[in-house]
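Coordinates in review
As a plain string of letters, each chain reads:
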Amino acid sequence: MFTRTPQVRAALVGVALWALCAQGAAAQPVQLTVAADRPGPVIARQLYGQFTEHLGQGVYGGLWVGPGSAIPNVRGWRQDVVQALKRLQVPVLRWPGGCFADEYHWRDGIGPRARRPVRINGNWGGVAEPNAVGTHEFFDLVEQLGAEAYLSGNLGSGSTQEMAEWLEYLTADGPSSLARERRRNGRAQPFRVHYFGVGNESWGCGGNMRPEHYVDLYRQTTTFLKTPADRAPKFIASGGFEQDTTWAEVLSRDIRGVFEDIGPKMAGISHHAYTFPGGDFAHKGPATGFGTADWVSTLRNPQRIGQILTQLEAKLDAHDPKGRLGLYLDEWGAWYDPEPGTPPGFLVQRNTLRDALLAALHFHVFHEHAQRLRMANVAQMVNVLQAMVVTDGPRMLLTPTYHAFELYKPFQDATSLPTELRGQPELVEGGHRLPAISASAARARDGRLVVSLVNADPRQAHRVRLDVRGEAVGTVQGRVLTADAMDAHNSFARPDRVQPRALATPAGGDPLQVELPPMSVAVLTLGR
């Protein structure tokens, strides 16, 4: 005889609630209204930024193989990976960390590579750091990608002089000794530094500081960070993590009174927020083999990040009502338990369909906060955490997250448009609630209307009826990303298991309707 324990009864109730929600949704389409005649803020292309750190095979092996490698490369950077990333139109690349940045000394990475010192990477696995990739190599990669450069300065273990001299080495021209040294190392013209972070995670691995102490250090340090006026980067202050908005409060408040002196040296405040299916860093959960409760708890996280951004914006609005300070979410993404059999400090994890939906839901949140949010960089670009690309020796494959970024390219520098969803179902599982459908809309730079949709329901397709206000629309074209399992992922045996395909859309009609498969991401282009 089968006995229903309290745990089993709770699970059955959860399944029943999910079924009731899904049945209610199936009765009629979800209504999506797009206000094409009410343009909002521009969605900065930097919201689709990337981050790479000297961590595991994120740089060495994944991106850099050296000019003498049998793997095809351009001056040491893998051709296959760089070409794949170029297709994403990477807008900005942050380097060298991360926690690595506050132990990185830039002079270790210049001059002949054979003479560079070997250090120990104490943050990530205690492995040897050969410094084969340094300043010149990084800027070569940035220029190959056509991206903007975001450097993280060493405030933790470095000095103000060291940071100031790095900027002079990078940007000075004329008779400066540091400029002459850069020329001797092969770079005649100054480098273009777009963003410069003064420290990283100063509350933790960057120095275990209090925000009040950091503010004083920031003001002192930036006093000496000088560049030619036409090559000045945007300086970014190290902010908080997850729900901690104290750093934004202290930074925006204490800078307010001296804005004429310090303000130009602070373009914004960074913040870091990751997704842990179990709820916190100690309870990350597996990247594959998860159930519907982990599916929902993971995909609801962008809503939580949206709430954090709202709280951060309120802090800045109180002290910076003119909107001069921006928010820079320069680390975000899924962080799971490391893949079994891999070094824990290398942060290797599988990248599945769930991660593609997670990325798309983040994008929708970023679009909603585009007024203050100036940048967002996923962690990380290759082989680490929620990566775009996975390599194994000479082999390379693209992840579901890569395909999500590729689908959303039309939103880079597009003008956001208000949307409203009505009649959508809700998923209820494991004490977590998640709207089944999410949407965002914008007018792309070429004038076209683009709409993105996420169906987070892993069991049922949902029909969405499109109502565009202020513009006549007659056709819908689009692509969809989906698969046959929640944890479907690309492998070297099946590299194309998860990839976009054409979405079956109507040729016209009033109203326009699209059918979203279960657990899918779709980006549509609307035509007249």
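Residues numbered from 1 in each chain as written. Predicted model: local features only at pLDDT ≥ 70, side-chain atom pairs only at ≥ 80, totals over all residues. Heavy atoms only, no water.

1. Focus on the side chain of Thr352
Note the cut-off: Secondary structure counts use DSSP, requiring at least four H or I residues in a row for a helix and at least two E residues in a row for a strand, with both numbered from the N terminus. Think of it in three bands: residues with accessible area under 20% of the maximum for their type are buried, residues over 50% are exposed, and the middle band is partly exposed, with areas taken using a 1.4 Å probe on protein chains only. Pairs of N or O atoms are called polar contacts if they sit within 3.5 Å, as long as, within protein, a hydrogen donor faces a hydrogen acceptor (for residues adjacent in sequence, only side-chain-to-side-chain pairs). By definition in these notes, contact holds between two residues if any of their heavy atoms fall within 4.5 Å.
Mapped onto the secondary structure, Thr352 falls in the loop between β13 (326-334) and α11 (353-368). Thr352 sits in the buried class, given a relative accessible area of 0%. Reaching out from Thr352, the side chain makes a polar contact with the backbone nitrogen of Arg354 at a distance of 3.2 Å. The residues touching Thr352, leaving out its near neighbours within four places in the chain, are Ala287, Thr288, Phe290, Pro400, Met486, Asp487, Ala488 and His489.

2. Notes on the packing of aromatic side chains
The condition that has to hold: Planes of paired rings set the category: under 30 degrees apart is stacked, over 60 is edge-to-face and the rest tilted, where pairs are Phe, Tyr or Trp rings (Trp by its six-membered ring) whose centres lie within 6.5 Å.
Scanning the model with the defined rule gives 28 aromatic pairs in all. Ring geometry for Phe276 against Phe281: centres 5.9 Å apart, planes inclined by 90 degrees, an arrangement best described as edge-to-face. Residue classification places Phe276 among the buried residues on the basis of a relative accessible area of 8%. According to the relative accessible area criterion, Phe281 is partly exposed, its value standing at 45%.

3. Here we look at the state of the cysteines
Spelled out, the test is: When the sulfur atoms of two cysteines come within 2.5 Å, that pair is taken as a disulfide.
The tally for this structure, following the rule as stated, stands at 1 disulfide. Covalently, Cys99 is tied to Cys205 through a disulfide, its sulfur atoms 2.2 Å apart. With the S-S dihedral at roughly -90 degrees, the linkage between Cys99 and Cys205 falls on the left-handed side. Of this pair, Cys99 sits in the loop between β6 (92-95) and β7 (119-121) while Cys205 sits in the loop between β10 (195-198) and α6 (211-223); the two residues are 106 residues apart in sequence, bridging distant segments of the chain. Residue Cys205 is classed as partly exposed on the basis of its relative accessible area of 32%.

4. Re the confidence of the model for the protein
The following threshold applies: Along the chain, pLDDT gives the predictor's confidence residue by residue, from 0 to 100.
Per-residue confidence for the protein gives a mean pLDDT of 91, with 92% of residues at or over 70. Within the model, the stretch residues 1-27 combines pLDDT values under 50 with 23 contacts to residues more than four positions away or in other chains.

5. So, the environment of Pro518
Counting through the fold element by element, Pro518 comes out in the loop between β26 (512-516) and β27 (520-527). Placed 59 residues apart in sequence, Pro518 and Arg459 show a C-alpha to C-alpha distance of 5.6 Å. In this view, Pro518 contacts Asn455, Asp457, Pro458, Arg459, Gln460, Ala461 and Thr482; residues no more than four positions away in its chain are not counted.

6. Describing empty space enclosed by the protein
Where empty space is left in the structure can be found by rolling a water-sized probe over the atoms. Quick note on the threshold: The definitions used throughout rest on a 1 Å grid laid over the protein atoms alone, on which a cavity is an enclosed set of points accommodating a 1.4 Å probe that cannot get out and a pocket is an open set flanked by protein within 12 Å on both sides along at least five of seven lines; lining residues are those having an atom within 4 Å of a point. Grid points are joined across faces, edges and corners, and a volume is the space filled by probe spheres set on the points.
Overall, the coordinates contain 2 cavities of 30 Å³ or more when judged by the stated rule. If you add up the space inside the largest cavity, you get close to 60 Å³. What lines the largest cavity is simply Tyr104, Trp106, Gly153, Asn154, Glu162, Met163 and Trp166. Sorting elements by how many residues they give to the lining of the largest cavity places helix α4 (residues 160-171) first, with 3 residues.

7. Here we look at the layout of surface pockets
This is how it is decided: Any residue outside Ala, Val, Leu, Ile, Met, Phe, Trp, Tyr, Cys, Pro, Asp, Glu, Lys and Arg is labelled polar, Gly included; the first ten of those are nonpolar and the last four are charged.
The volume enclosed by the largest pocket comes to roughly 520 Å³. Taken together, 28 residues form the lining of the largest pocket, with Val348, Asn383, Val390, Thr391 and Phe492 sitting closest to its centre. Going through the elements one at a time, β15 (389-392) and β16 (395-398) are the ones with two or more residues in the lining of the largest pocket. Examining the composition of the lining of the largest pocket, we find that 3 residues originate from one element, β15, more than from any other. Approximately 450 Å³ is the volume found for the second largest pocket. Forming the boundary of the second largest pocket are 24 residues, of which His364, Val365, Glu368, Ser438 and Ala439 lie nearest the centre. Those elements that place two or more of their residues in the lining of the second largest pocket are α10 (301-319), α11, β17 (414-417), β18 (419-422), β20 (432-435) and β21 (437-443). Looking at side-chain class alone, the lining of the second largest pocket contains 13 nonpolar, 10 polar and 1 charged residues.

8. Structural notes on the side chain of Glu242
Relative to the helices and strands, Glu242 resides in the loop between β11 (234-237) and α7 (246-256). Only 2.7 Å separates the side chain of Glu242 from the backbone nitrogen of Tyr274, close enough to count as a polar contact. If sequence neighbours within four positions are ignored, Glu242 has contacts with His271, His272, Ala273, Tyr274, Phe276, Arg304 and Ile308.

9. Considering the packing of helix α9 (residues 292-299) against α11
Condition: Helix axes are fitted to C-alpha atoms over the stretch in contact, other axes to C-alpha atoms as well, and angles between N-to-C directions run from 0 to 180 degrees. Oblique is the label for every angle not falling under 35 degrees (roughly parallel), over 145 degrees (roughly antiparallel), or within 65 to 115 degrees (roughly perpendicular). Two helices cross in a left-handed way if the nearer one is turned anticlockwise from the farther one by less than a right angle. They cross in a right-handed way if the turn is clockwise.
The contact between α9 and α11 brings their axes to 10 Å, and the two run at 25 degrees. By the angle class used here, α9 and α11 are roughly parallel. Our pair here, α9 against α11, has a crossing hand that is right-handed. Two secondary-structure elements touch here, α9 through Asp294, Trp295, Thr298 and Leu299 and α11 through Arg354, Leu357, Leu358 and Leu361. Its residues assigned to classes, the contact of α9 with α11 shows 5 nonpolar, 1 polar and 2 charged.

10. Focus: α11
The line we're drawing: A helix is expected to span 1.5 Å for every residue after the first.
End to end, α11 covers 23 Å across 16 residues, agreeing with the expected 22 Å (1.5 Å per residue, within 8%). Burial analysis of α11 places 15 of its 16 residues in the buried class, which makes it a mostly covered element. Its side-chain oxygen placed 3.2 Å from the backbone nitrogen of Arg354, Thr352 serves as the N-cap of α11.

11. So, the pattern of salt bridges
The following threshold applies: Salt bridge, as applied in this entry: a Lys or Arg side-chain nitrogen positioned within 4 Å of an Asp or Glu carboxyl oxygen.
One pass over the full model with this rule turns up 32 salt bridges. Its salt-bridge partner being Arg445, residue Asp413 comes within 3.9 Å of it at the nearest N-O pair. Here the residue Asp413 occupies a position in the loop between α12 (400-407) and β17, and Arg445 occupies one in the loop between β21 and β22 (449-455), the gap between them amounting to 32 residues.

12. Structural notes on the nonpolar core
To keep things clear, this is the line we draw: In plain words, nonpolar cores are sets of buried Ala, Val, Leu, Ile, Met, Phe, Trp, Tyr and Cys residues tied together by side-chain atoms within 4.5 Å.
Core analysis: the biggest nonpolar cluster contains 137 residues, and Leu85, Phe196, Tyr408 and Leu453 have the highest contact counts within it. For this core, the leading source of residues is α11, giving 10 residues.

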